[in-house]
Amino acid sequence: MKSSFHGKIDEIPGVYVDNFENAEQQGARAYFLSHYHSDHIQGLHSAQLLDVLSKKNITIYTTELTAAIINDDKNDERIMKHVRGLKMGSTLISLPGMPEENIPDLCVNVTLIPAGHSAGSTMFLFSTTTQNILFTGDFRVNLNDLPSYKHLHVKDEPIKLDALYIDTTFLDSNYENFPKRSESVEKMIFEIRMFLDLDENNAIALHTSAKYGYEFVFNEIYKQLHMKVFVGSDRWRFYSSIPNLVPGVTDKEKSTRVHLCRNRSENSSHSACVEKCRNNYLFVHLSAMKWLNYKEDKCSVARVSPKRLDVCFATHCSKREIEYFVNYFAPDKIIGFPNKYKWTRKRNDLFDGGIVKKKVKIDKKVDATLLKLMFE
Ligand SMILES: [Zn+2]
Ligand SMILES: [Zn+2]
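Residues numbered from 1 in each chain as written. Chains lettered and ligands numbered in written order. Predicted model: local features only at pLDDT ≥ 70, side-chain atom pairs only at ≥ 80, totals over all residues.

Attention now goes to the nonpolar core. By size, the foremost hydrophobic cluster in this structure holds 95 residues, and its most contacted members are Phe124, Leu164 and Val284. Looking at which element gives the most residues to this core, the answer is strand S16 (residues 280-287), with five residues. Two domains each put at least three residues into this core: domain 1 (15-172 + 317-375) and domain 2 (181-312). Here Val284 is in contact with Met188, Ile192, Ile204, Ala205, Leu206, His207, Leu309 and Val311, once residues within four sequence places are set aside. (Core = buried A, V, L, I, M, F, W, Y, C linked by C-beta atoms within 7 Å. Buried ≥ 20, exposed ≤ 12 C-beta atoms within 10 Å, placed from the backbone. Helix = DSSP H or I, 4+ residues; strand = E, 2+ residues; numbered from the N terminus. Domains from an automatic or database assignment. Contact = placed C-beta atoms within 7 Å.)

In structure tokens, the structure reads:
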């Protein structure tokens, strides 16, 4: 697995995010982790990192929930000694100086802002006395809600960002739009309900594209169908430690007709997922990748065969959402990961060679139209 980001925050020497490879060469004075997905934790469990952390007494900052996930995954005291879970909101962190490079101690205000991507995911806003740097991590925000992110505004105006490190997973003309997740889940639950009502032996095999990030779906199924999602013992161990956050899962197979499926296709048996297989399964596949050229008027679920329902569920921003986010903040510098942020022709009047010339004033009227287009 490749890292999606090289890790280095250029504006604050010694600060590394979501990349723990080559720890000896990095010369870090603090690490940050936005969420626990494999392309963001490369090197995290390496002996080399552990060695560097211990020798220099370096901390890995993340959210409280991600700290719990790391602990659950590896249960390694040696690394946990260096992991510090932060609360959402701001924390003042002091970074030790790097005398060999003539870099003094530095106080950084780090603000954690929910990234809407997966359980425990966060954005990091690094503020020094002179600069604001936003690292989005993998993220999906509802653009309607953007003005209510209080840490990203001063007196209702977007804050000035000196640099924006932004998730560009779907910065691709094939992924111009994604439906809202709540809308996809509504339609999915409608289909699931119909299928379950047909026969009491019918059951649902829920397949997700990543390990964490679908907790909202489990909770919504439980809320609307009064049926929890059965998960295997590995997942149960963690979810049962945060019951308030994920009430929609259970380890009691017999109590439900929905299970989290280990299969990749609708044609495999469920003997690896459940002890007692039922007669007839609907394989519900949640993903964004295969939903190329999604149009707003298109349905966000598709019954591709009697045994399979595909659901468009994006835990990353669509191309249009990424561009809107960038324009909204109009930062001085943009670093996209895993894809380079390229400027489209349409924006040449605003931007020049990848560097934003000046802050763009958002026209409220234009906003409303764009938002209407995107969400209604
Ligand atoms: Zn991710
Ligand atoms: Zn299964």
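Here the narrative resumes.
What follows covers the pairing of S16. Most of S16 sits inside the fold, with six of its eight residues counted as buried. By the bridge criterion, seven bridges tie strand S12 (residues 202-208) to S16 in an arrangement that is parallel. Counterpart to His207 in the pairing with S16 is His285. One ladder, built from five bridges, connects S16 with strand S18 (residues 308-312); its direction is parallel. (Pairing = 2+ DSSP bridges.)

The next subject is the sheet that holds strand S3 (residues 60-63). By way of backbone hydrogen bonds, the strands of a sheet pair with one another, either parallel or antiparallel. The strand order across the open sheet built from four strands is S1-S2-S3-S4, with neighbouring strands paired in parallel fashion. Because the sheet does not close on itself, it has two edges, and the strands there are strand S1 (15-17) and strand S4 (83-86). Averaged over all pairs of adjacent strands, the angle between strand axes in this sheet comes to 25°, irrespective of strand direction. With three bridges connecting them, S1 and strand S2 (residues 30-32) associate as parallel partners. If you follow Tyr16 over to S2, its bridge partner there is Tyr31. (Axes fitted to C-alpha atoms, helices over the stretch in contact; angles between N-to-C directions.)

What follows covers the domain arrangement of the chain. Examined at the domain level, the chain breaks down into domain 1 (15-172 + 317-375) and domain 2 (181-312). Using only C-alpha atoms to locate each centre, domain 1 and domain 2 end up separated by 30 Å. Contacts between the two partners involve nine residues from domain 1 and, on the opposite side, eight residues from domain 2. The residue inventory of the side of domain 1 that touches domain 2, partitioned by class, reads five nonpolar, three polar and one charged. (Nonpolar A, V, L, I, M, F, W, Y, C, P; charged D, E, K, R; others polar.)

This part is about the confidence of the model for the chain. Regions with low pLDDT carry predicted coordinates that are not meant to be interpreted in detail. Per-residue pLDDT for the chain has a mean of 89; in total, 91% of the residues score no lower than 70. pLDDT under 50 marks residues 344-376. Its contacts with residues more than four places away, or in other chains, come to 25 contacts. (pLDDT = per-residue confidence, 0-100.)

Taking 1.5 Å per residue, 18 residues should reach 26 Å; helix H5 (residues 181-198) reaches 26 Å between its end C-alpha atoms and fits that length. Where H5 is concerned, the buried positions are Arg181, Ser184, Val185, Met188, Ile192 and Phe195. One side of H5 holds all its buried residues, which, seen down the axis, span an arc of 90°. Turned more than 90 degrees off the buried face of H5, the exposed positions are Ser182, Phe190, Met194, Asp197 and Leu198. Taken together, the buried residues of H5 touch S12, helix H6 (215-225), S16, strand S17 (301-305) and S18. (Expected span 1.5 Å × (residues − 1). Arc of directions from axis to C-beta.)

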